[in-house]
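# An overview of the molecular structure
One-letter residues, chain by chain:
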Amino acid sequence: MTVSTIEHASHAVPANPPSGMESLDMRKLGMWVFLGSDCVFFASLITTYFVNRPLIFSGEPNPHHTLGINFTAVLAFILLLSSLTMVLSLAAFQRDNIQSGRNWLLATAALGTCFLAGQAIEFSNLAHEGVTLSSGLFGQCFLIMTGFHGTHVFIGVIWLLACWLFAGTGRFNSKNFIGVEISGLYWHFVDLVWVAIFTLIYLI
Amino acid sequence: MTATHTSPGHQSGTHDAHDAHAHPTTATYIQIFVVLFIVTAAEVVAAQILPSIGMTSLVAPSLLIMALVKGALIILYYMHLKSDSGVYAAPMVFGLVLATGMLLTMIGLWIIAPRVPCTPELGKACVVEK
Amino acid sequence: MAVEIAPQVAPVGAQVSNETAPYKESFLWEWATTVDHKKIGILYLLTGGLFFLIGGLEALLVRTQLMVPRSDFMNPDLYNQMFTMHATTMIFLAVMPINVGLGNYIVPLMVGALDMAYPRLNAFSYWLYLFGGIFLNLSFVMGGAPNVGWFGYAPLTENQYSGSGTDFWVIGLQILGVASIAGALNFVVTILKMRAPGMTFNRMPLFCWATLVTAILVLFAFPAITIALFLVMFDRHFGTSFYNAAGGGDPLLWQHLFWFFGHPEVYILILPAFGIISEVLPVFSRKPIFGYSFIAYSSVAIGFLGFTVWAHHMFATGMGDIANTAFATGSFLIGVPTGVKIFNWIGTMWGGSIRFTTAMKFAAGFIGTFTVGGLSGIMLASPPVDFQMTATYFVVAHLHYVLFGGAIMGLFAGLYYWWPKMFGRALDERIGNWHFWAQLLAFNITFFPMHWLGMEGMPRRIYTYFPNEGFDFWNPVATIGSYLLGGAVLIFVANAVITAFRPADATDNPWEASSLEWATTSPPPAHNFDVEPVVYSRYPLWDISEEDEHGGSHSSVSSHGVSATAIATVAKAHDEHGDAHESGGHGGGHGIHLPAPTIYPMILALGLMILFLAVLFTPPTLKIVFVVTAVIYFVVAITGWVKEVTD
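Right, let's walk through the structure included here. (Residues numbered from 1 in each chain as written. Chains lettered and ligands numbered in written order. Predicted model: local features only at pLDDT ≥ 70, side-chain atom pairs only at ≥ 80, totals over all residues. Heavy atoms only, no water.)

### Structural notes on the packing of helix H9 (residues 292–305) of chain C against helix H10 (residues 321–349) of chain C
Residues and elements named next belong to chain C. H10 packs onto H9 with a crossing angle of 155° between their chain directions and a minimal axis gap of 9 Å. The angle between H9 and H10 places the two elements in the roughly antiparallel class. Viewed along their axes, H9 and H10 form a crossing whose handedness is left-handed. Mapping the contact onto sequence places Phe294, Ile295, Ser298, Ser299, Ala301, Ile302 and Leu305 in H9 and Leu333, Ile334, Pro337, Thr338, Val340, Lys341, Asn344 and Trp345 in H10. (Axes fitted to C-alpha atoms, helices over the stretch in contact; angles between N-to-C directions. Helix = DSSP H or I, 4+ residues; strand = E, 2+ residues; numbered from the N terminus. Parallel < 35°, antiparallel > 145°, perpendicular 65-115°, else oblique. Left-handed = near helix turned anticlockwise from the far one by under 90°. Contact = heavy atoms within 4.5 Å.)

So, in structure tokens, the structure goes:
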């Protein structure tokens, strides 16, 4: 073919052209995609709460009279603090400070457990005031939403403890910290959801 | 498939110098936390003070703005999106846009056609035994 | 799932070369433990094909019941089970998995990758799908199949209106949802991250574009139905009343959450077919696709707009004029990118030197039948028309023209096209010809009369009708058509069986196609490519064909100036490594490490199915025992999985 001679002339393209995504880490990308998807899970639950909100507030018990804002503020504070310890853990692994990284991981898991305990106390207090799954719109919308978030926290705590165990074998260091990083992404996302729930459900 | 394609050679995890440069320091993390803490406290105060001084209409907007600030700080600094590739951000941004769109549209739909509480006076359809 | 991702190492990460773990186990064990995207793809295709036949059988029973007025072939309840299971099976167990199967096999090859991004998660998705499908169908023998329709409108799904079939439906769809989300995550990361050097977005095959958009739709649409089903489960078993008006709930909420998923789901079913057509048409027209970027970006536009129009399924619920107008406008808008695609496909064929192979016939037939479905869709997007047509056979005609005339025709085009690559032997063209014409004819005989039935007012989902209401003539016609359609599909099955006994003599690139999957052997070795392909244009293989004896057949390519600006140098596997055919995973000589096979994905998925069965069908006291056993089982299985990955 005559055309192919022309083509040969333009063979001088780079030997290893980019595909556009070389710098991305595969597992981190997967985690971000999953978290994007997770947004819609929580959006569906928050939407369920909000379309019922006018009716929820027209009756008793309703959120403004039942939910203790100061107690929940402490829970929000605990989760924010756990985000800080999480990011400090990652930073420690990145500096090859493995013992410190493990300690921060354990602190994060402990704070997560405190949050879960707080949530358990809150749920049982609500039950005493008659707010249960079958007590009406407020109970069902609120408990399913915060329960779903609590399940996320629970999975996160288990994951953090698994990372802590792994780190004990020296698996994480400044060359390989992606396992801690993606569990951290998940953990921060759980915190992020609580920022939304705290504002949208408890305060507004 | 050769090693160049899938090896961790380009993964962020191996670029010590890059990460040390791009990721914030411990001091930054603590500063962010202090800001998050103060904004949360401000939220709690605003939610209780504003209605009592007659500014009920300001509650929702001010709380939403503060929540957005908190969320943005967490995503940008704790989740490192400020220094990471925008490709990581894309699914999250799309998810958040969809989530917001879903929430606002449905709230709007229920405002256009509000729901009447189901009371026995409305007819037999409302008193199905559970 | 989140737990699974954490310890997973990059695809080479398992660090177990096949030299140390060769496939020496039995045939069954080999397939049960495989993490090879090609084998998983074939498993998806086989299982999907089987469920397609089951779903088809259910459709034939529905049509038999409707053949004559006041028929007592089935009682109303059985009829309800049949149409519910027909739709659920076809959507979740047939079309979606066959799409995923083709994607699983072809996409990694197309982008020049070794495997999917997360091979074990890929296997897990398949096993969840298989056991989810079995779980759903077990309902037939365990208290009756679901009978609430595939969109399970509340409050029908509440426990005062429906029995254990609904539980099977709710939990079955949850299992399938997890499988779909995990699979979609895999596709997104594979396509974003694992493309061969040089394959920029603008050089990516259009099937990959379609699969990418489909996977994104799955990821962002399935959460809505997962939550919606979750709430149904709580309504049925834990005393809430989200959808029960008597308890303060709102049945309409179900419809909104369901269709927030349900409408994107329609595009999840059809977009892969768009992608297949965009691959098949240029190859058999022997010219590049007309308007590549328009086809690629219109998929993105369709995907995005698909999230904004869900309530057009709900015009009749009384949302008010403002909402109806807004959702109608969005629905009309979707016609634009879809029309763009149709004109681009016609433009691709225009002036091409067309080879009417079976694949090409299905692709060309797709354009016609899908356009009919698209046009009736635009009619239904108008609220006044929808008020008249909703829940009639007009809707049934529309959705079958889109899903059978669209998705299934596209899938058959893809199967005929990629069959030689997947199985090393092409399907018989003569039988294929019979299959195509029989299917096209029977399809139109079955579904076109439904337009008229619908306009006459025949409601869908009603088990019978009275004589002399205007439904007496076209119903038997449609039923006879459906029998013919069943026969047409059997021709395909026969084709597959007959050709299976023929010698595997397919060449690497029998259709003279342009994309990377044709650069390796048919079927490809376990490691796909001996040498990593490098891509310099949208049509890597057409570029190098210019240099060998096939060059003459692609003069149209050159005259369009495509190849002149960009060149591909693809190193063909067998050129460098003659024994690739019999290697079966022997890639050690090239330093290629394949992920080790593992049984844990199957163990985990099987455990889930058994757990749900146990929870549904055991007395309360035993439930505790089962849950505790299940927790131990899952801890052991997950630990085993994690250990396998990290050791």
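### Quick notes on the side chain of Asn104(C)
Residues and elements named next belong to chain C. Within the fold, asparagine 104 resides in helix H4 (residues 76–110). Given a relative accessible area of 1%, asparagine 104 falls into the buried group. Within the structure, asparagine 104 has its side chain in polar contact with the side chain of asparagine 122 (distance 2.7 Å). Those residues in contact with asparagine 104, other than ones at most four positions away along the chain, are His37, Ile40, Gly41, Tyr44, Met116, Asn122 and Phe187. (Buried < 20%, exposed > 50% of the residue type's maximum accessible area, 1.4 Å probe, protein only. Polar contact = N/O pair within 3.5 Å; in protein donor to acceptor, adjacent residues only side chain to side chain.)

### Describing the nonpolar core
Core analysis: the largest hydrophobic core is formed by 307 residues, its most contacted members being Tyr243(C), Trp345(C), Phe366(C), Tyr417(C) and Trp418(C). Take this core: its biggest share by element is 21 residues, from helix H7 (residues 206–237) of chain C. (Core = buried A, V, L, I, M, F, W, Y, C linked by side-chain atoms within 4.5 Å.)

### Description of the pattern of salt bridges
All names here are of chain C. Taken as a whole and judged by the stated rule, the model has 8 salt bridges over all chains. Salt-bridge contacts for glutamate 30 lead to lysine 39; the nearest nitrogen and oxygen are separated by 2.5 Å. Grouping residues by exposure puts glutamate 30 and lysine 39 together as buried. A salt bridge links aspartate 167 to arginine 236; the nearest nitrogen and oxygen atoms lie 2.7 Å apart. In this pair, aspartate 167 sits in helix H6 (residues 164–193) while arginine 236 sits in helix H7, placing the two residues 69 residues apart along the sequence. The pair formed by aspartate 167 and arginine 236 is uniform in burial state, with each residue classed as buried. (Salt bridge = Lys/Arg side-chain N within 4 Å of Asp/Glu carboxyl O.)

### Overview of the packing of helix H19 (residues 600–617) of chain C against helix H20 (residues 620–646) of chain C
Residue and element names in this part refer to chain C. Look at H19 against H20: their axes get within 10 Å of each other, and the N-to-C directions meet at 170°. With respect to their mutual orientation, H19 and H20 come out roughly antiparallel. Of the residues in H20, those in contact with Tyr600, Pro601, Ile603, Leu604, Gly607, Leu608, Leu611, Ala614 and Val615 of H19 are Lys623, Phe626, Ala630, Tyr633, Phe634, Ala637, Ile638, Gly640, Trp641 and Glu644. Residues that form the contact of H19 with H20 fall into these classes: 15 nonpolar, 2 polar and 2 charged. (Nonpolar A, V, L, I, M, F, W, Y, C, P; charged D, E, K, R; others polar.)

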